[in-house]
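Here is what each chain is made of, one letter per residue.
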Amino acid sequence: MVLVSCNSGQNSPESVELSGQSTAVEHELEYLGNEVCIECHEDSLGDLPKSTHWVANDPRSPGAHENGCEACHGPGEQHFETDGDIDVPGMVTFGANANVPAEQQNRMCIKCHQPDVRHWQGSLHDADDIACTSCHTLLHGDQTQNRRREHTFCYYCPPNVRAESYRPFPHPIRVVLLLCSDCHDPHGSPGPAQLEQISLNDNCYSCHAEKRGPFLWEHEPVVDDCNSCHLAHGSVHPALLRSRPPLLCQQCHQSTRINHARQGFFFGKQPVMHTG
């Protein structure tokens, strides 16, 4: 994970604008510093001191700065003066009980993580108002980095994908031989469906290079779209096919259905040509 330097912005009006419900305050909000935050929140820090967000000797980490907590949560002056009220100007909380919309939460993350999420703006998750903290956690260890658990986070939203992965012939997602992020970028991409590559076929070729070609006699649907014949997440037919042969082929080649049978072209058998 790449971090750029986080500027805590002592008394910065910009920080108030990023975080808050209201920017119309009489004076610039004051940053109190980490010691004040920890004095009240020591019991709820969880695994934060072990995370990359709290590396004291790394200038890219919020924990290396005097106002590290407030680099993400905004200036804590009014939060402190109101005995912990979170619905005050400048304050940002995250998670299920966040006090600001997902877009404002994400802006706090993007301040530092823009190099990691270059295509976030306009992505499917951004358009659906998905907050970074819907998947990522800071205080109790970020389980999205655990390869064996990655797919469980993705299963929360598109239930059809989970169902497809339990079919008799799936891509090996559940056994962690293939990760969701091997094909998709959850933070957005220039390709369709947030694919890692610019097209579906290029995505498939990253593993199935032997199918790339060029071949002397190419099947046009293969060049056009792998998804014409295959299902990406799982199928009830071998090789993740959409339908069993010859029915799969006959969905396009209806006019040649009888001719192929007369000429002896049967799937799975050596063709026998009739000469008379």
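Residues numbered from 1 in each chain as written. Predicted model: local features only at pLDDT ≥ 70, side-chain atom pairs only at ≥ 80, totals over all residues. Heavy atoms only, no water.

Time to look at the nonpolar core. In terms of nonpolar packing, the biggest core is built from five residues, these being Tyr155, Val161, Ile173, Leu178 and Cys180. In contact with Val161, other than residues within four places in its own chain, are Tyr155 and His233. (Core = buried A, V, L, I, M, F, W, Y, C linked by side-chain atoms within 4.5 Å. Buried < 20%, exposed > 50% of the residue type's maximum accessible area, 1.4 Å probe, protein only. Contact = heavy atoms within 4.5 Å.)

Let us now look at the environment of Pro89. Residue position: Pro89 is located in the loop between α4 (77-81) and α5 (102-113). Sequence-wise, Pro89 and Pro75 are 14 residues apart; in three dimensions their C-alpha atoms are separated by 8.8 Å. (Helix = DSSP H or I, 4+ residues; strand = E, 2+ residues; numbered from the N terminus.)

It is worth spelling out α5 at this point. An ideal rise of 1.5 Å per residue puts 16 Å on 12 residues; α5 measures up with 16 Å between its terminal C-alpha atoms. Those residues of α5 not exposed but buried are Ala102, Gln104, Gln105, Asn106, Met108, Ile110, Cys112 and His113. (Expected span 1.5 Å × (residues − 1).)

Taken as a whole, this structure holds three salt bridges when the rule is applied. In this structure, Asp58 and Arg60 form a salt bridge, with 3.1 Å as the shortest nitrogen-oxygen distance. Assessed through its relative accessible area of 39%, Arg60 is described here as partly exposed. For Asp202, the salt bridge identified is with Arg212, shortest N-O distance 3.9 Å. Here Asp202, found in helix α10 (residues 200-205), pairs with Arg212, found in the loop between α10 and α11 (220-224); they are 10 residues apart in sequence, far enough to count as distant. A residue is classified by how much of its surface remains accessible, and Asp202, at 26% relative accessible area, is partly exposed. The exposure class assigned to Arg212 is partly exposed, which follows from its relative accessible area of 42%. (Salt bridge = Lys/Arg side-chain N within 4 Å of Asp/Glu carboxyl O.)

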